[in-house]
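Residues per chain, in single letters:
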Amino acid sequence: MGLTQWVLLLALSVLWGGSFFFVGVAVAELGPLTIVALRVGLAALALHMLILLLGQRMPRDPRLWMAFFGMGLFNNMIPFSLIAWGQGHIASGLASILNATTPFFTIVVAHFLTRDEPLTPARLAGVAIGFAGVVYMLGTEVNEGATSHSWAQLAVLAGALSYAFAGVFGRRFGALGCSPLVAACGQVTASALVLLPLALLVERFWQQPWPGLDTWAAVFGLALFSTTLAYLIYFRLLASAGATNLLLVTFLIPASAIVLGILVLGERLEWRHLAGMGLVGLGLAAIDGRPLWWFRKMAYAYRKARREGAGR
């Protein structure tokens, strides 16, 4: 990747890491369904405006809209709602660490549902290491019985599993001839059409105390920055850098989420969470392969420099 791609990758990690921070702020005064409905609703409005400004049009093909609803279900409705609910009980930094398991679930799902992404030994080792980190983080609380914290962590993991199904489901958009911008707009629009009436019916936010300015700022930040802008960067990176390079963002998201959670929200993570994050990161490195390649390259350069120095 060139410098532009690296800058965009870092920006995307901050935007997606910031989504955990924004939810952490908003969940104190709004229900999870209301947060997610506002997130996708505002993002849909912003993306429709962008499409109009670019002179494009949304398609009317019923097959394509069925695909939008399917993608919206797996990529927005289920994971956004589960993670937002989970963040009502656990720290945003911990939620981001658990969300980083998405590539592990994706590898397993793709192995069973596709023909061109089998489980290789390196991938299997990475999945095993990553899930060992999850088990270590969850182990103590699961042994103590079902608590709100343990259920919240399982909810975030379920959201990560839903993202994995979305990754496999989203392959069909290329065959349907749908541009990335239209696909992003279509899925958040479909999600908004389902979630807005559902949130009004279930949570009835107008019967609660009116949220403060901080909460509304977090909702707009979540919708405009962590969803709309993030999708635009994501699809640009997908086109210019490829899906494999995009995997690197998974390493970086927890860092920004943890820093924001500690500095702004006053959160604290236990040592077992940090140790679990280390195992998750090691598993991701095993899957990706590049960190090991970089290490070998640096070790080779170091040995070569030492031999040349001794030769003088």
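Structure: above.
Note that the coordinates shown come from a computational prediction; the quantities given were computed from them, not determined experimentally. (Residues numbered from 1 in each chain as written. Predicted model: local features only at pLDDT ≥ 70, side-chain atom pairs only at ≥ 80, totals over all residues. Heavy atoms only, no water.)

Visitor: Explain the overall build of the protein chain here, please?
Guide: Of regular secondary structure, the protein chain possesses 14 helices and 0 strands. Written out in order from the N terminus, the α and β elements of the protein chain read α-α-α-α-α-α-α-α-α-α-α-α-α-α. When each of the 312 residues of the protein chain is scored for burial, the buried share is 47%. Considering only contacts in the protein chain between residues 6 or more positions apart, those separated by 24 or more positions represent 87%. Element-wise, carbon and sulfur atoms account for 69% of the exposed surface of the protein chain, whose accessible area totals about 15,900 Å². (Helix = DSSP H or I, 4+ residues; strand = E, 2+ residues; numbered from the N terminus. Buried < 20%, exposed > 50% of the residue type's maximum accessible area, 1.4 Å probe, protein only. Contact = heavy atoms within 4.5 Å. Areas by Shrake-Rupley, 256 points an atom, 1.4 Å probe, with all protein chains shown as cover.)

Visitor: Teacher, can you tell me more about the layout of surface pockets here?
Guide: Over the atoms rolls a probe the size of a water molecule, and in doing so it shows where empty space is left. Looking at the second largest pocket, its volume works out to about 190 Å³. Around the second largest pocket sit 16 residues that line it, and Ile 90, Ala 91, Leu 94, His 149 and Arg 268 are the ones nearest its centre. Contributing elements (two or more residues each) for the lining of the second largest pocket: α4 (92-99), α7 (148-169) and α13 (271-288). Grouping the amino acids of the lining of the second largest pocket by side-chain chemistry returns 5 nonpolar, 6 polar and 5 charged. (1 Å grid on protein atoms, 1.4 Å probe; cavity = no way out; pocket = protein on both sides within 12 Å on 5 of 7 lines; lining within 4 Å. Points joined across faces, edges and corners; volume = space filled by probe spheres on them. Nonpolar A, V, L, I, M, F, W, Y, C, P; charged D, E, K, R; others polar.)

Visitor: I keep staring at the environment of Val 36 and nothing clicks. Help me out?
Guide: Structurally, the position occupied by Val 36 is in helix α2 (residues 32-53). The exposure class of Val 36 is buried, given its relative accessible area of 2%. Not counting the four nearest positions on each side in its chain, Val 36 is found in contact with Asn 76, Phe 80, Ser 81, Ala 84 and Leu 195.

Visitor: Got a minute to help me understand the packing of helix α5 (residues 102-113) against α7 in this structure?
Guide: Packed helices, taken two at a time, are described by the angle their axes make and the gap between the axes. Between α5 and α7, whose axes approach to 8 Å, the crossing angle comes to 45 degrees. Compared by their axis directions, α5 and α7 come out oblique. Crossing of α5 against α7: the hand is right-handed. The residues of α7 that touch α5, namely those facing Thr 102, Phe 105, Thr 106, Val 109, Ala 110 and Leu 113, are Leu 157, Ala 160, Leu 161, Tyr 163, Ala 164, Phe 165 and Val 168. (Axes fitted to C-alpha atoms, helices over the stretch in contact; angles between N-to-C directions. Parallel < 35°, antiparallel > 145°, perpendicular 65-115°, else oblique. Left-handed = near helix turned anticlockwise from the far one by under 90°.)

Visitor: Please clarify how the packing of aromatic side chains should be interpreted in this entry.
Guide: The description of two aromatic rings rests on the distance between their centres and on the angle between their planes. In total, this model carries 10 aromatic pairs according to the counting rule given. Ring centres 6.5 Å apart and planes at 45 degrees place the aromatic pair Phe 205 and Trp 210 in the tilted group. Every member of this aromatic cluster is reached through a ring pair, and the members are Phe 205, Trp 206, Trp 210 and Trp 216. Between the NZ or CZ atom of Arg 39 and the centre of the ring of Phe 80, over which it lies, the distance is 3.7 Å. (Phe/Tyr/Trp six-rings, centres within 6.5 Å; stacked < 30°, edge-to-face > 60°. Lys NZ or Arg CZ within 6 Å of the ring centre and 35° of its normal.)

Visitor: Just to check I follow, could you spell out the environment of Val 25 for this structure?
Guide: Along the chain, Val 25 falls in helix α1 (residues 3-26). Residue class for Val 25 comes out buried when judged on its relative accessible area of 19%. C-alpha separation for the pair Val 25 and Ala 218, spaced 193 residues apart in sequence, amounts to 6.4 Å. For Val 25, the contacting residues outside a window of four places in its chain are Asp 214, Thr 215, Ala 218 and Leu 265.

Visitor: Would you mind going over a nonpolar patch on the surface with me for this structure?
Guide: Among the surface-exposed residues, Phe 220, Leu 224, Phe 225, Leu 229 and Leu 232 lie close enough to one another that they form a single nonpolar patch of about 410 Å² accessible area. Secondary-structure assignment places Phe 225 in helix α10 (residues 213-240). Relative accessible area serves as the criterion here: at 45%, Phe 225 is assigned to the partly exposed category. (Patch = residues over 30% accessible without salt bridge, like charges linked within 9 Å, V, L, I, M, F, W, Y side chains within 5 Å. Salt bridge = Lys/Arg side-chain N within 4 Å of Asp/Glu carboxyl O.)

Visitor: Please clarify how the nonpolar core should be interpreted in this entry.
Guide: Proteins that are soluble and globular tend to have nonpolar side chains buried together. Counting residues in each nonpolar core, the largest one holds 60 residues, and the members touching the most others are Ile 90, Leu 98, Met 137 and Leu 195. If one sorts the elements of this core by residue count, α1 sits on top with 10 residues. Ranked by size, the runner-up nonpolar core spans 21 residues in total, among them Ile 51, Leu 181, Tyr 231 and Phe 235. (Core = buried A, V, L, I, M, F, W, Y, C linked by side-chain atoms within 4.5 Å.)

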